Amino acid sequence: MSLSREEVASLILAGQNIIVYRDNVLRIPKFWLDAHPGGSLSLLHFVGRDATDEIDAYHCDATLAMVHKYSIGKLQDAPWVSLLPPVMSGWIHSEGKWFKEASLDPSRALLQQINRAENAPTMEDLIPPAVPALDKEVQVRQAAAYRQLHKRVIDAGLYKCPFFTGYGPEVFRYLLLGAASAFAYYHNWFMSSAVLLGLLWHQLMFFVHDLGHMGVSGNWNIDRLISIFVADFIGGLSVGWWVDNHNIHHLVTNHPTHDPDIAHLPFFAVSPVFFNNLYSSYYKKTLEFDAAARFLVTIQHKLFYIIMMFGRFNLYRLSYVSLFNRAFDTKRARGHGWAWGLEVFGIACFWVWFSQVLVGCGTWQKALMYVLVSHAVTSPLHITIVLSHFSMSTEDLGPAESWPHRQMRTTTDIYCPDSIAFIHGGLQLQVAHHLFPRVPRHNLRKASDMVKEFAAEQGLTYAEFGFMTGNQEVLGLLKEVAGMAHHLKVFAEVAKAEAKEAVDKKIKASEKAANSY
């Protein structure tokens with residue numbers, strides 16, 4: 001059976017989740033939308049779109065072999081011109097009904113608070129915004145070239161994890177840091193112990209990152225078990241929350257209303273569009289640009305490193321809120337039962353052993369310093385991730401933009417010698433990682449060389465900064481946006497003063513007129 005564009009659109013408007021994969025029309029049933037290991041939102045962002053490259057990048061051959069069982073037919077017209085997913089225009093379909101979460105702004109790219117009531121989306125809601133700068137033929141060509149590049153990556157064996165040469169030195173480093181921290185603690189060298197524990201947490205999170213992408217064993221159950229032990233038991237963080245968050249970040253990178261990794265109000269705004277009270281489709285709330293945000297954003301470039309030093313505390317908050325919400329979630333995603341329960345148990349164990357470490361410091365002052373030092377030492381991880389995206393484009397070029405174009409437009413590498421690459425955990429090669437998220441980080445250097453050739457051939461920009469230059473780029477952007485926020489604040493104060501003056505004049509005029517009588 002072949003389906004036309006109008007027929008696909010009508011199925012979507014009827015509440016069905018239709019995704020295009022290799023010219024096949026896939027209908028995602030509700031049970032799989034709920035059970036999808038990558039979360040339901042990662043599927044909803046591709047309803048009505050050609051998700052061929054995203055699906056191939058995220059799934060192994062065994063999973064891809066099962067995709068075609070959801071096919072209900074072939075496209076009548078190819079290549080497919082992607083529609084705008086309902087979730088990107090503020091619509092959610094649940095329990096047989098459409099619900100309006102938010103409304104598109106005049107640009108039809110950003111979500112804001114609901115400003116009108118509607119019963120269901122129409123064909124107009126599925127029409128993407130016009131992007132004159134985007135050449136559709138070029139996007140199709142780049143997508144085809146990316147598929148050839150992906151085949152080269154597969155043929156080169158870059159999806160095979162180098163257990164001994166890659167993780168052998170890594171595991172030795174973990175054990176050395178853990179033993180050194182315990183040794184220092186035993187001898188009452190508490191600050192040295194705190195530094196070493198922070199370094200251990202910092203290094204282990206790169207390992208958790210690999211496991212979350214199934215880049216170690218390639219088996220979901222094995223990688224999730226190991227990651228829970230490392231992230232939850234040793235680090236006190238929820239790997240389940242992180243994977244859910246990180247998948248969305250990869251798929252809608254740097255989109256102001258959809259990527260949770262740049263939704264940092266009231267502390268940071270990487271674009272002036274955040275001044276407009278945007279709605280986050282991930283957090284299901286409006287990102288209020290309130291008085292606190294207006295003040296903090298004006299000094300965000302001065303607060304940057306201070307906030308990065310204690311970014312781990314925010315990860316605790318996000319982890320525990322996610323675990324709490326999942327306790328009442330009726331959607332039975334893969335691992336909902338045993339993985340969720342094991343995570344809760346693991347985090348409880350973390351706080352038991354870590355609290356004993358703090359008690360052993362002797363005084364509350366030493367315990368407080370132990371907490372602050374150990375957490376501040378993990379800041380290079382947060383800085384590495386931030387440098388990879390904050391200074392890059394946050395513009396929405398619509399669903400017609402190809403996977404490689406979107407990832408290379410919104411991501412940059414951090415250049416550093418291979419001898420100190422372990423400090424960044426291999427994640428300094430973010431461009432290759434975003435194009436091939438399942439490739440183990442020890443193979444990213446080879447993948448990066450291939451991507452640079454691909455970029456040169458396709459006329460794409462391969463962004464790459466040194467660590468110092470990357471910091472300057474991010475600080476420059478934050479300062480620029482801070483200046484805009486400051487001017488906005490000044491304009492608001494001037495407008496308020498002028499309004500008050502006008503009201504006062506009107507009152508005085510009224511009083512004068514009354515007295516004249």
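Residues numbered from 1 in each chain as written. Predicted model: local features only at pLDDT ≥ 70, side-chain atom pairs only at ≥ 80, totals over all residues. Heavy atoms only, no water.

Take helix 17 (residues 379–387) next. Burial within helix 17 is extensive, with seven of its nine residues counted as buried. Within the span of helix 17, buried status applies to Ser 379, Leu 381, His 382, Ile 383, Thr 384, Val 386 and Leu 387. (Buried < 20%, exposed > 50% of the residue type's maximum accessible area, 1.4 Å probe, protein only. Helix = DSSP H or I, 4+ residues; strand = E, 2+ residues; numbered from the N terminus.)

Our next topic: the environment of Thr 286. For Thr 286, the location among the structural elements is in strand 10 (residues 285–286). Classification of Thr 286 as buried rests on a relative accessible area of 17%. Distance from Thr 286 to Val 171, taken between C-alpha atoms, is 42 Å for residues 115 residues apart in sequence. Setting aside residues up to four positions removed in sequence, Thr 286 forms contacts with Gln 113, Asn 277, Leu 278 and Tyr 279. (Contact = heavy atoms within 4.5 Å.)

For the pair helix 10 (residues 220–234) and helix 15 (residues 338–359), the least separation of the axes is 7 Å and the interaxial angle reads 25°. Taken as axis vectors, helix 10 and helix 15 run roughly parallel relative to one another. Crossing hand, helix 10 versus helix 15: right-handed. Here Trp 220, Asn 221, Arg 224, Leu 225, Ile 228, Asp 232, Phe 233 and Ile 234 of helix 10 come into contact with helix 15, specifically with Trp 338, Ala 339, Leu 342, Glu 343, Phe 345, Gly 346, Ile 347, Cys 349, Phe 350 and Trp 353. Looking at the contact of helix 10 with helix 15, its residues break down into 13 nonpolar, two polar and three charged. (Axes fitted to C-alpha atoms, helices over the stretch in contact; angles between N-to-C directions. Parallel < 35°, antiparallel > 145°, perpendicular 65-115°, else oblique. Left-handed = near helix turned anticlockwise from the far one by under 90°. Nonpolar A, V, L, I, M, F, W, Y, C, P; charged D, E, K, R; others polar.)

A word on empty space enclosed by the protein. Under the defined criterion, the tally for this structure stands at four cavities of 30 Å³ or more. Its boundaries defined by the atoms lining it, the largest cavity holds a volume of some 130 Å³. Lining the largest cavity are 15 residues, and of these Met 88, Val 252, His 255, Asp 396 and Arg 406 sit closest to its centre. In the lining of the largest cavity, the residues fall into five nonpolar, four polar and six charged. Empty space within the second largest cavity amounts to approximately 50 Å³. Looking at the second largest cavity, the residues that line it are His 209, Asp 210, His 213, Gly 215, Leu 427, His 433, Pro 437, Arg 438, Val 439, Pro 440, Arg 441 and Leu 444. Across the lining of the second largest cavity, the residue classes tally to five nonpolar, four polar and three charged. (1 Å grid on protein atoms, 1.4 Å probe; cavity = no way out; pocket = protein on both sides within 12 Å on 5 of 7 lines; lining within 4 Å. Points joined across faces, edges and corners; volume = space filled by probe spheres on them.)

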